[in-house]
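One-letter residues, chain by chain:
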Amino acid sequence: MALLEIKNIKKSFDDLKVLDGVNLTVETGDVIAVLGPSGSGKTTLLRCLNYLETADEGTMIFDGKSYDMAHTSGRDIAEIRKKTGFVFQNYNLFRNKTALENVTLGLMVARHMHKKEAEKIGLEMLERVGMLERKDHYPSMLSGGQQQRVAIARALAANPEIIYFDEPTSALDPELIGEVLGVMRELANEGVTMIVVTHEMEFARNVSNKVIFMEKGKIVEQGSSEEFFRNPKEERTREFLRLEENRTGLIREEKK
């Protein structure tokens, strides 16, 4: 049985149709890269999956339980979020709390965990992402890449069944992207289930095992990463990959 299955998700903002009947199946251990041009609905999809936005229509089957995504109770949403993690594009760290406090706060508030137990988990997670030595640093004392690694540690602390990443490297300077992708690569090797909205083609090609390409609120093409990049079936997919190849080639030229 799949860990997560979504059927016919639809979402509009006023007259703008952002998601138009999206279907997706996620198995335990999957690393799914979600690709597509800006405005294709990628981030809205993630936000609906974690109920940061409420879908207008759709069914979610998660961990064996079915939910009407347009009419999910607050109690059910809380239960779903206990089993998921979310890593935001802009980190979303509390500026007045240290790295360790940012990781432990959710454990103490949402899970009513004792401070000592929460700190033990927090230290383990910071070590896991290479940030243990900076546990007492505030976000203003950390680089963007370091802040994002703290955010990943926070997501891992709850021992989620799946983690959603919303363009986790897009706010980073180019030289900091590698450290965050390195952590994500390690998590993938450890079998952490992830859905990653990203523009990082090399990550999608070499780390994810499945790729989804979205445009105008629909999934245009999906399949194994190898097949997606080696033999895309849709002309729109081929066009997108050509444009991305040209873009990354220009970036490499600029770096020389």
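Quick caveat, the model's predicted, so the values are computed rather than measured.

**Quick look at the overall build of the protein chain**
Counting secondary structure elements, the protein chain contains nine helices and ten strands. The buried share of the protein chain, reckoned over its 256 residues, is 48%. A separation of at least 24 residues holds for 64% of the contacts in the protein chain among residues at least 6 apart in sequence. For the protein chain, the computed accessible surface area is about 12800 Å², with 47% contributed by carbon and sulfur atoms. In the protein chain, 36 positive and 41 negative side-chain charges are present, and the distance between their average locations comes to 2 Å.

**Some details on the pairing of strand β7 (residues 162-166)**
The buried fraction of β7 is high, at five of five residues. Judged by which residues are buried, β7 turns out to be covered on both faces: Ile162, Tyr164 and Asp166 on one side and Ile163 and Phe165 on the other are all buried. Where strand β6 (residues 84-87) and β7 come together, four bridges link them in parallel fashion. Paired with Gly85 across the strands is Ile163, a residue of β7. Judged from the four bridges that link them, β7 and strand β8 (residues 194-197) form a sheet pairing that is parallel. Paired with Ile163 across the two strands is Met194, which belongs to β8. In this view, the connection linking β7 to its parallel neighbour β8 by way of helix α6 (residues 174-189) has right-handed handedness.

**A word on the pattern of salt bridges**
Applying the stated rule across the entire model yields 16 salt bridges. A salt bridge links Lys65 to Asp76, with the nearest nitrogen and oxygen atoms 3.2 Å apart. Remark: Asp76 occurs in helix α2 (residues 74-82) and Lys65 occurs in strand β5 (residues 65-68); sequence separation between them is eleven residues. Put simply, Glu239 and Arg236 hold a salt bridge, and the shortest N to O gap is 3.6 Å. Taken together, the positions of Glu239 and Arg236, both in helix α9 (residues 235-255) and three residues apart, correspond to about one turn of that helix. On the accessibility criterion, Glu239 (36% relative accessible area) is partly exposed.

**Re the packing of helix α5 (residues 144-157) against α6**
The geometry of α5 relative to α6 is characterised by a closest axis approach of 8 Å and an angle of 20° between their N-to-C directions. As summarised for this structure, α5 and α6 are arranged roughly parallel, according to the angle between their axes. The handedness of the crossing between α5 and α6 comes out as right-handed. Every residue of α6 that contacts α5 at Gly144, Gly145, Gln146, Gln148, Arg149, Ile152 and Leu156 is listed here: Leu176, Glu179, Val180, Val183, Met184 and Leu187.

**Considerations on the side chain of Arg154**
Within the element layout of this structure, Arg154 appears in helix α5. This buried residue, Arg154, is left without a salt bridge; Asp166 holds the nearest opposite charge, at 12 Å. Setting aside anything within four residues of it in sequence, one finds Arg154 in contact with Phe88, Tyr91, Asn92, Leu93, Asn102 and Val103.

Rules behind the numbers
- Residues numbered from 1 in each chain as written.
- Predicted model: local features only at pLDDT ≥ 70, side-chain atom pairs only at ≥ 80, totals over all residues.
- Heavy atoms only, no water.
- Helix = DSSP H or I, 4+ residues; strand = E, 2+ residues; numbered from the N terminus.
- Buried < 20%, exposed > 50% of the residue type's maximum accessible area, 1.4 Å probe, protein only.
- Contact = heavy atoms within 4.5 Å.
- Areas by Shrake-Rupley, 256 points an atom, 1.4 Å probe, with all protein chains shown as cover.
- Lys, Arg positive; Asp, Glu negative; His and termini not counted.
- Charge placed at Lys NZ, Arg CZ, Asp CG, Glu CD.
- Pairing = 2+ DSSP bridges.
- Right-handed = clockwise from strand over helix to strand, strands pointing away.
- Salt bridge = Lys/Arg side-chain N within 4 Å of Asp/Glu carboxyl O.
- Axes fitted to C-alpha atoms, helices over the stretch in contact; angles between N-to-C directions.
- Parallel < 35°, antiparallel > 145°, perpendicular 65-115°, else oblique.
- Left-handed = near helix turned anticlockwise from the far one by under 90°.

What is shown is where atoms sit, not what they do.
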